[in-house]
Amino acid sequence: TQGCMLCVHTSDGVALLPAFQFSERVTVREELLGVLALLSRVPAWSAAVWLRTPNTDLDGQSPEQAAADASMVAQVEVQARRWVQCLTPADFSPR
């Protein structure tokens, strides 16, 4: 998971790095590395929206907020895995 970072592109091709994924030290938040790795198969904008959307399975917090609590990281990863599986069937392979 080292080196995972979420990068989205605007319609005119500008690359953006959503600030919520960074710590105060301007490194990718360690607690998000596993989640970002799981989301790497999903379009970046979809992943960014999912990370910031309140989730009832995470006590109403967004996944990125819930991941700030070390006791919730595993649950966030479970939710990410479930969401990705829903979007990408097991037999899907990028061409």
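The model shown is predicted, which means the values in this text are computed figures rather than measured ones. (Residues numbered from 1 in each chain as written. Predicted model: local features only at pLDDT ≥ 70, side-chain atom pairs only at ≥ 80, totals over all residues. Heavy atoms only, no water.)

**Describing the nonpolar core**
Soluble, globular proteins show a tendency: their nonpolar side chains are buried together.
Turning to step 1, where the next piece is worked out: Residues Leu6, Val35, Leu36, Leu39, Trp50, Leu51 and Val76 are the most contacted members of the largest nonpolar core, which totals 22 residues.
Turning to step 2, where the next piece is worked out: Contributing elements (two or more residues each) for this core: helix H1 (33–39), helix H2 (44–52) and helix H4 (73–87).
Turning to step 3, where the next piece is worked out: Residues within four places of Leu39 in sequence aside, it is in contact with Ala47, Trp50, Leu51, Ala80, Trp83 and Val84. (Core = buried A, V, L, I, M, F, W, Y, C linked by side-chain atoms within 4.5 Å. Buried < 20%, exposed > 50% of the residue type's maximum accessible area, 1.4 Å probe, protein only. Helix = DSSP H or I, 4+ residues; strand = E, 2+ residues; numbered from the N terminus. Contact = heavy atoms within 4.5 Å.)

**Side note on the pattern of salt bridges**
Turning to step 1, where the next piece is worked out: Within this structure, the stated rule accounts for 3 salt bridges.
Turning to step 2, where the next piece is worked out: We note a salt bridge from Arg29 to Glu31, for which the minimum N-O separation is 2.6 Å.
Turning to step 3, where the next piece is worked out: Exposure remark for Arg29: the relative accessible area of 10% places this residue in the buried category.
Turning to step 4, where the next piece is worked out: Several salt bridges share partner residues, and in doing so they unite Arg29, Glu31, Arg52 and Glu64 into one network. (Salt bridge = Lys/Arg side-chain N within 4 Å of Asp/Glu carboxyl O.)

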